[in-house]
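Listed below are the residues making up each chain.
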Amino acid sequence: MATGWKNLMPFDGDWMIEVTPEETSAIEPFMTPSKSDKMRQSEELPKEVGIMPIRNAVTFPGTVSPLAVGRKSSKKLLESGEAGELVIGLLSQKDPDIEEPDFDDLYKIGTLASVLKVVRLPQGSIHLVVHGITRFKVISPVATEPYLRAKIKPLHSTAKMTKQIKALMVNVRNSANRVISLSPNVPEEAAVLLENIDEPSSLADFLAANLNLDLTRKQELLEELDAGKRLEKISVALAQQLEVLELSHKIQGRVRESVDKNQREYYLQEQLKAIQSELGQDDRRTQEIKELRECIEKAGMPEKVKKEALRELDRLSKIPSASPDYTVIRTYLDWVCELPWAVKTEDQLNIKKARRVLNKDHYNLAKIKKRILEFLAVRKLNPSGKSPILCFIGPPGVGKTSLGQSIARAMGRKFVRISLGGMRDEAEIRGHRRTYIGALPGRVLQEIRKCGTQNPVFMLDELDKLGSDFRGDPASALLEVLDPEQNSTFTDHYLDQPFDLSGVMFIGTANYDDPIPPALHDRMEILELPGYTTNEKINIAKKYLLPRQLKENGLNDKTLEITDDALLKTIKGYCREAGVRELERNIAAICRAVAAKIAEGKIKQQKVDADGLAKILGPVRYESELAMRTSTPGVATALAYTPYGGELLFIETASMPGKGELQLTGQMGDVMKESAEAAFSIIKSQARQLDINPDVFSKNDFHVHVPEGAIPKDGPSAGTAMYVSIASLLMRKKVRTDVAMTGEITLRGLVLPIGGLKEKILAAKQSGIKRVILPKRNKKNMVEVPAEAKKGLKFKYVESASEGLKEALGLRTLKKTKKRKTSRRK
C-alpha cells in the first residue's frame, strides 16, 4: 500500500493530509502491481496533458496517492474531465514557496497519473486520489492558462531479471521487512504487499514512494530509468534508515532498563525509610531536611520570607531526590539561607579617625571628604537614617574607585564593587526567574551574599557605559536599587521575595554624566571629581605614587631619589591627562630602570633629575604647538571638556572660489555643526561692522575643519572659537598665539555659559596659554577653580562674540577708521 510507512502524503498546497486506515483500505485494491501493468499496456497514453504542480513530494508509477488541491488552476484542471477517465501529469516544484509556478519552476520529469476519485468538501477544498501510471518527460509547454498544459513523452523503465537484480530485490526486501518490524506505526499489511511485488521496477517505485527521503533524492530516483540502479540507491537509503532505527531501538531499551532500575531503587529506598523509622533512626534525606529547617530558623529573615522558605522546604521533603525540581528547590533554599538578612557591620562614627583615613588615602578632594564626614555626623545623631546614594563623576585616573574603598575603611564597612561597563542584560541586576535552567540571583544579591553583611559600601562602577538590547535595559532595573524610597523592598526575580537594601551605601562612578539616563541621574547625588593641577600631581606623586612604586620594585627612598624638577618635567612632557595613571606608569618605568641597574651591580643608588629623564623615558612626548598652529589667519584655539579631562581644539578655516557654501569636517557632531553654521550666519550679518566685503560670501566657498579627524567631537562650547576663526580669515588678521576661548554663541551674537570650567582652565595652563576668553556668566563659577590653576592666566569675560573677537585679535575696535580727504589749495 502506498501509505504503508507514512500516514502523511503530498498535495499541491502548503500542507500534508493524513490518511486514515479506512481511506487506506479503500484505495488498497488499486495498488496491486498487476493493475499498474495492465494500465500501462492497455491504455493509450495521451501526447498532451494538463500539468498539476505538487510541492514537497514526488509521486511514483504504480502507487496510489491522496492529494489535497488548493490552487485555482489545479481545480480548473480537475473540472476538465471526470474521475476515472482524467489523466494528468504530476510535476514536483523545485521551490515549494512559489505559489503560482511556471514550467521553469518545475522538474522536467514527473509521473503520469489517472484520477481515481474526487471528493469536494464543504469548505471549498478538494481531495482526490491518483494512481501513478508511468514516468514522462515534458517536451514543450503548450499553455499556462487556465492551467499548465504540455506535450509529453512517456518514459519506460528498463529492467532485466538477472542474478544481480534478484539479489538486490532479496536484499531490499529483507531490509524493508526489518524497517517495518522496528517501526511501530507501520501496519502489518505493508509486509504482505511487499512480498507480492515481483517486478524490479515496481518494487523500486513502491519503496521509493514510502522511504523518508528529501525531495531532491526522491526526484533522482524518479528520473533514474534503470531499475537496477534504482534498487542500489534504495538499498543504501534503507541501510541508513535501518541503522537509525536500530540505534533508536537500542536507546529505548536502555531507557526502559534505567526506568525499571530507578523504580526498583525508589521502592528499596522507601522500604529502608520504613525500617529506619521503626528503629528510631533518621536517614540522610531526613537529616538534610532537618539541617535546612535549622538554617531557616537561624537566618533571621522576615516572617513573610520565612513562611515562603518553609513552604518550599515542605515541597522538598515530599518529592523524590531524582526529580528535577529537587535540585531547583534545594539551590533556592541555599540562597535564601545564605543571604545576610539580619547581619550588619557597626559603623565607626569617630569623625576624627574617619578624617585621618580619608586624608591618608587621598590628596585634596576636600568637597568629597566633607560630604562623607557629614554623612557620618548625621548617622551618629540619627542611626536609623537612610544611606545616601552618591555618584562620583570625573575623568579616568582621579581616584573614584579607590575613594570608595577609603570610604568603606573610614566607616568600618565592607566594600563591594561591580563593573557595569558593557552590561546589557537586565537579569544581571534582577536575576533570572527560577523557571530557567541554571537560574541565579542578580549581581546585587550575589555580591551581598559574598560580603556577608546587609550594609556594605556598594560601588557601581562605570554607570555611563551601561548598554541595552533585546534582553532588557539594566539602567531601568537600577532605578529600584538606587531609590531610597523603594530599595527597602527590592525584589530579585530569582528570590521573588523583598530584600532590604536601604542600609547599603551605594556609590556610582562615571566619566561623563550625559549617557546616564535622566531618571537614574535624578536618584543620585552628583559629586564631581575634576582633574588635578600640576602642583596636586606633584604632591600625589611624592606622597602616594612614588612610595608605592618603590615598594613594588624592591627599592626604597635611599636607593632611588626623584627630584621635584624631574617630576614636573614628567608631568608636563610625558603625561597629558586629568588623572595620575600615566604619571604612575612613568614613575614605575623609572623605578624599573634603576632596579635593573642595581640588580646588575652597576650602581647602588641613583638620583634622577630633569636632565636624566630622557635617558630613561625617551624624548619628550608633548610640546606646545600653539605658535605653529595659530601663525596664520583663520586658526583659533578652543577649550573643550571630554570624559578624560580638558583639551585644546584648533579650529581651522579656509576659503576658495565658489558659490558661498560652508563645508564642515573633522568628525563634528550635530551640535558642533550647528555652532559653526550659527557663527557663519553671525559673521554674514555683521559683515559691514567687521569691515568685510559682503560679496566675498557669494564668490567663495568656506571650509571649517577641526584637526584629529579620527576623534569624534561635539558640543556647543566651541561656538566662540569658530566665530573667531572665520572672522580672522575674512579680516586677514592672525589670532594671538597665547589666547584660548570657550563659549556657546547665539544668532544674536551673545555668548552663553559652559560647563567643565576647571578642566578647561587646567588644559589651557598645561598647554602654555596666557589669556582665556570666557562667557561673562561663568565669572561666578571661578570660585570653584583652584588658585593654582588660575595663577599666571589672564581672564577676559565677554557677553558677545564681537568682544571675544577684539580680545583674540588684540584690537581696540573692529572697524577701520576711514581717512579724511584733504583738499589742496592752489
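Higher on the page you've got the structure.
Bear in mind the structure is a predicted one, so any value in this text is a computation, not a measurement.

Undergrad: Explain the pattern of salt bridges to me, and be specific about the residues and the numbers.
TA: Throughout the structure, instances matching the rule amount to 38 salt bridges. With a shortest N-O distance of 2.8 Å, R413 and D347 are connected by a salt bridge. Residue R413 is found in the loop between α14 (400–411) and β10 (415–419), and its partner D347 is found in the loop between α11 (324–338) and α12 (351–361); the two are separated by 66 residues along the sequence. Assessed through its relative accessible area of 6%, R413 is described here as buried. Residue R771 pairs with E807 through a salt bridge whose shortest N-O separation is 3.2 Å.

Undergrad: Which residues make up the sheet that holds strand β9 (residues 390–393), and what values do they have?
TA: Think of a sheet as strands paired side by side through backbone hydrogen bonds, with each pair either parallel or antiparallel. Spatial strand order, β10-β11-β14-β9-β15: 5 strands in an open sheet with parallel pairing. The sheet terminates laterally at β10 and β15 (525–528), the two strands that pair on one side only. Adjacent strand axes in the sheet meet at a mean angle of 20 degrees when their direction is disregarded. Of the strands in this sheet, β9, β14 (505–510) and β15 are in contact with helix α13 (residues 366–381), which crosses β15 at around 145 degrees.

Undergrad: Which residues make up a nonpolar patch on the surface, and what are the values?
TA: There is a patch of nonpolar side chains on the surface, built from L247, I251 and V255 and spanning about 270 Å² of accessible area. Inspection of the secondary structure puts I251 in helix α8 (residues 227–279). For I251, a relative accessible area of 44% gives the class partly exposed.

Undergrad: Before we move on, can you summarise a positive patch on the surface with the specific residues and values?
TA: Together, K352, K353, R355 and R356 make up a positively charged patch on the protein surface. As for its position among the elements, K353 is in helix α12.

Undergrad: So what's going on with the packing of helix α4 (residues 163–182) against helix α6 (residues 200–210)? Which residues, and what values?
TA: Across the interface, α4 lies against α6 with an axial gap of 11 Å and an inter-helix angle of 30 degrees. As summarised for this structure, α4 and α6 are arranged roughly parallel, according to the angle between their axes. Where α4 crosses over α6, the two elements pack in a sense that is left-handed. Side by side, α4 and α6 meet where I165, M169, V172, R173 and A176 of the first sit next to P200, L203 and L207 of the second.

Undergrad: So what's going on with the side chain of R413? Residues and values would help.
TA: Within the local environment of R413, its side chain forms a polar contact with the side chain of D347, the two groups lying 2.8 Å apart. A polar atom in the side chain of R413 sits 3.1 Å from the backbone oxygen of G503. Residues contacting R413, with those up to four places away along its chain left out, are T345, D347, F375, R379, S387, A408, N455, P456, V457, G503, V504 and M505.

Undergrad: Tell me about helix α17 (residues 474–481), residues and numbers included.
TA: In terms of burial, α17 is a largely internal element, 6 of the 8 residues being buried. Along α17, the positions that sit buried rather than exposed are P474, A475, A477, L478, E480 and V481. Those residues of α17 that are buried lie in contact with α15 (427–430), β11 (457–461), β12 (490–491), β14 and α18 (518–522). Of the residues that open α17, the one with a side-chain oxygen 3.2 Å from the backbone nitrogen of A475 is D473.

Undergrad: Kindly report on a negative patch on the surface, identifying the contributing residues and their values.
TA: Residues D670, E674, E677 and D714 make up a contiguous surface patch of negative charge. Within the secondary structure, D670 is located in helix α24 (residues 670–685). With a relative accessible area of 57%, D670 lands in the exposed category.

Undergrad: Explain the packing of aromatic side chains to me, using residue names and the numbers behind them.
TA: With the rule as written, the count across this model stands at 7 aromatic pairs. Centre to centre, the rings of Y332 and Y494 are 5.9 Å apart; their planes meet at 55 degrees, and the pair counts as tilted. Of this pair, Y332 sits in helix α11 while Y494 sits in the loop between β12 and β13 (498–499), and the two are 162 residues apart along the sequence. Overall, the relative accessible area of 2% leaves Y494 in the buried class. Measuring from centroid to centroid gives 5.3 Å for F680 and F702, while their planes differ by 55 degrees, and the two rings are tilted. Taken together, the residues span a long stretch of sequence, with F680 in helix α24 and F702 in strand β21 (residues 700–705) at a distance of 22 residues. Accessibility classification places F680 together with F702 in one group, the buried group. Aromatic rings pair up to connect F680, F697 and F702 into one cluster. In this arrangement the basic side chain of R449 is found over the ring face of W335, its NZ or CZ atom lying 4.1 Å from the centre.

Basis of the calculations
- Residues numbered from 1 in each chain as written.
- Predicted model: local features only at pLDDT ≥ 70, side-chain atom pairs only at ≥ 80, totals over all residues.
- Heavy atoms only, no water.
- Salt bridge = Lys/Arg side-chain N within 4 Å of Asp/Glu carboxyl O.
- Helix = DSSP H or I, 4+ residues; strand = E, 2+ residues; numbered from the N terminus.
- Buried < 20%, exposed > 50% of the residue type's maximum accessible area, 1.4 Å probe, protein only.
- Pairing = 2+ DSSP bridges.
- Axes fitted to C-alpha atoms, helices over the stretch in contact; angles between N-to-C directions.
- Contact = heavy atoms within 4.5 Å.
- Patch = residues over 30% accessible without salt bridge, like charges linked within 9 Å, V, L, I, M, F, W, Y side chains within 5 Å.
- Areas by Shrake-Rupley, 256 points an atom, 1.4 Å probe, with all protein chains shown as cover.
- Lys, Arg positive; Asp, Glu negative; His and termini not counted.
- Charge placed at Lys NZ, Arg CZ, Asp CG, Glu CD.
- Parallel < 35°, antiparallel > 145°, perpendicular 65-115°, else oblique.
- Left-handed = near helix turned anticlockwise from the far one by under 90°.
- Polar contact = N/O pair within 3.5 Å; in protein donor to acceptor, adjacent residues only side chain to side chain.
- Phe/Tyr/Trp six-rings, centres within 6.5 Å; stacked < 30°, edge-to-face > 60°.
- Lys NZ or Arg CZ within 6 Å of the ring centre and 35° of its normal.

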